[in-house]
Amino acid sequence: MATRSDTAASPVEGGAAPGRPPEGPLPADKEQRRRAKLSRRWQRDVRWSPYAFVSPFFLLFLAFGLFPLIYTGWASLHQVELTAPTDMNWVGLRNYTRIFDDDFFWNAAQNTLTIGIISTVPQLLMAMGIAHILNYKLRASTFYRVAMLAPYATSIAAASLVFVLLFGRDYGMINWALDFVGIDPVDWQGDKWPSQFAVSTIIIWRWTGYNALIYLAAMQAIPQDLYESAALDGASRWQQFLHVTLPSLRPTILFTVVVSTIGASQVFGEPLLFDANKGASGGAEHQFQTLGLYLYEQGWVNQHLGRASAIAWTMFLILIVIGIINHVISRRLRASS
């Protein structure tokens, strides 16, 4: 009788079912090469992944930021019309000399400056006061903070049209209130200073809450120990605000001043929609025409793309000067602190 062996027979060399190689750790040289390969892959991932993440921004910037900037710089040195944008005649710096000799350009620059001052100074002062009030523990403080952003979230067109109705000469609510207290009606759209004041109120209404929240965030970052020390020294709330809050907010104040100045130099929608004729002239006598409206008028109304490009680059150089001033003041503030 045949006996059965308990152990499996070893496979025959050259048979149809060769044996499985024994499992075990990889040789030392293969394991080292595998780890080196993974290490190189990890190094490449760490090195190039950040560039891949930010590449969409740079691609969009090249397409919609850098290329238009370079193209307008090139077009500013040529005579080119909107009807034939590919036909360029080299004129050098003549577009720049023409706009500097243009009285309408200096009128727009002056209007931009005055509207910027009238809108920026009250706006930041009101934002500082609102932020100081919201910094205290108030009931429904979240509601008030959200309400501060409501004007910022409102469309410029809708806000401007509402203010046009408010500042109407014959049926506006502002003139009705002035007449109620015995003051003659004001032609808010026809006179120079009233029209600039009216345009500035639209900017103030829209951006005060936004800046107030920036100031509020900066105030909440101030250590409470400073206020407690000032209170122990006998400082009142007003003295604490002057000697603790304001010095701590100097970088934030500088930031909001620079951003508001840049925004004021690019004001466009408010004066465009405030004009009764909805044109780019900024009133019948250009009394509230800004640099943005002047650029639009030259490029899309008069169809002088070369001159409009020169205006755009002039505004860009003004912003660079503002940035340099901001950098110098920031360095001095950091050195003094």
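Given the structure is predicted, the values throughout are model-derived calculations rather than measurements. (Residues numbered from 1 in each chain as written. Predicted model: local features only at pLDDT ≥ 70, side-chain atom pairs only at ≥ 80, totals over all residues. Heavy atoms only, no water.)

> Give me the overall build of the chain: which residues, what numbers.
Counting secondary structure elements, the chain contains 14 helices and two strands. Sorting the 337 residues of the chain into buried and exposed places 33% on the buried side. Within the chain, residue pairs in contact and separated by at least 24 positions form 66% of the contacts whose partners lie at least 6 positions apart. Put simply, the chain shows about 22200 Å² of open surface, and 65% of that area lies on carbon and sulfur atoms. One finds the centroid of the 26 positive side-chain charges in the chain at a distance of 15 Å from the centroid of its 23 negative side-chain charges. (Helix = DSSP H or I, 4+ residues; strand = E, 2+ residues; numbered from the N terminus. Buried < 20%, exposed > 50% of the residue type's maximum accessible area, 1.4 Å probe, protein only. Contact = heavy atoms within 4.5 Å. Areas by Shrake-Rupley, 256 points an atom, 1.4 Å probe, with all protein chains shown as cover. Lys, Arg positive; Asp, Glu negative; His and termini not counted. Charge placed at Lys NZ, Arg CZ, Asp CG, Glu CD.)

> If you had to explain helix H13 (residues 291–301) to someone new, which residues and values would you point to?
By the criterion of burial, H13 is predominantly enclosed, with eight of the 11 residues buried. Residues of H13 that are buried include every one of Leu291, Gly292, Leu293, Tyr294, Leu295, Glu297, Gln298 and Gly299, and no others. Where H13 is buried, its residues touch helix H3 (103–134), helix H12 (269–274) and helix H14 (305–336). Downstream of H13 by a residue or two, Gln303 has a phi angle that is positive, lying close to 65°.

> Could you give me a rundown of the pattern of salt bridges, with the residues and numbers involved?
Counted according to the given criterion, the structure contains one salt bridge. Where Arg169 meets Asp170, a salt bridge forms, and the shortest distance between an N and an O atom there is 3.5 Å. (Salt bridge = Lys/Arg side-chain N within 4 Å of Asp/Glu carboxyl O.)

> Residue-level account of the nonpolar core, with values.
Within the largest apolar cluster, 16 residues are counted, with the highest numbers of intra-cluster contacts made by Met128, Ala131, Tyr215, Met219, Ile222, Val244 and Leu249. Taken together, the elements giving at least two residues each to this core come down to H3, helix H8 (192–220), helix H9 (224–232) and helix H10 (237–248). Listed in part, the 12 residues of the second largest apolar core include Phe163, Phe167, Val267 and Phe288. (Core = buried A, V, L, I, M, F, W, Y, C linked by side-chain atoms within 4.5 Å.)

> Now, about the pairing of strand E2 (residues 84–90): what can you tell me, with residues and values included?
When a strand is regular, its side chains alternate between the sheet's two faces. Sheet topology note: the strand E1 (residues 78–81)/E2 ladder contains three bridges and is antiparallel. Pairing of Gln79 across the sheet is with Asn89, part of E2. The hairpin formed by E1 and E2 contains two residues between the paired strands. (Pairing = 2+ DSSP bridges.)

> I'd like a description of the environment of Ser248, backed by residues and values.
Mapped onto the elements, Ser248 comes out in helix H10. Judged by relative accessible area, which is 34%, Ser248 ranks as partly exposed. Measuring from C-alpha to C-alpha, the distance between Ser248 and Met219 comes to 8.0 Å, with 29 residues separating the pair along the chain. Separated by 2.8 Å, the side chain of Ser248 and the backbone oxygen of Val244 make a polar contact. (Polar contact = N/O pair within 3.5 Å; in protein donor to acceptor, adjacent residues only side chain to side chain.)

> Which residues make up the packing of aromatic side chains, and what are the values?
Evaluated as defined, the whole model comprises 24 aromatic pairs. What links up through ring pairs into an aromatic cluster is the set Phe163, Phe167, Trp188, Phe197, Trp205, Phe274 and Phe288. Over the face of the ring belonging to Trp193 we find Lys192, whose NZ or CZ atom lies 5.7 Å from the ring centre. (Phe/Tyr/Trp six-rings, centres within 6.5 Å; stacked < 30°, edge-to-face > 60°. Lys NZ or Arg CZ within 6 Å of the ring centre and 35° of its normal.)

> Which residues make up a positive patch on the surface, and what are the values?
A cluster of basic residues, Lys37, Arg40, Arg41 and Arg44, forms a positive patch on the protein surface. Relative to the elements of secondary structure, Lys37 occurs in helix H1 (residues 28–75). (Patch = residues over 30% accessible without salt bridge, like charges linked within 9 Å, V, L, I, M, F, W, Y side chains within 5 Å.)

> Residue-level account of a nonpolar patch on the surface, with values.
Judged by side-chain polarity, Trp48, Tyr51, Phe53, Val54, Phe57, Phe58, Leu59, Phe61, Leu62, Leu66 and Ile70 come together as a nonpolar surface patch covering roughly 1200 Å² of accessible area. Tracing the sequence through the fold places Val54 in helix H1.

> How would you explain unusual backbone geometry if you had to name every residue and give the values?
Positive phi, normally seen in glycine, also occurs at His286, with a value near 55°. Among the structural elements, His286 can be located in the loop between H12 and H13. Classification of His286 as buried rests on a relative accessible area of 14%. For Gln303, which is not glycine, the phi dihedral falls at a positive 65°. As for its placement among the helices and strands, Gln303 is situated in the loop between H13 and H14.

> Describe the confidence of the model for the chain, with residues and values.
When pLDDT is averaged along the chain, the result is 84, and 91% of the positions lie at 70 or above. For the chain, H1 is the element with the lowest average pLDDT, namely 82, and H8 is the one with the highest, namely 93. Predicted confidence for residues 1–17 stays below pLDDT 50, and this span has two contacts to residues more than four positions away or in other chains. (pLDDT = per-residue confidence, 0-100.)

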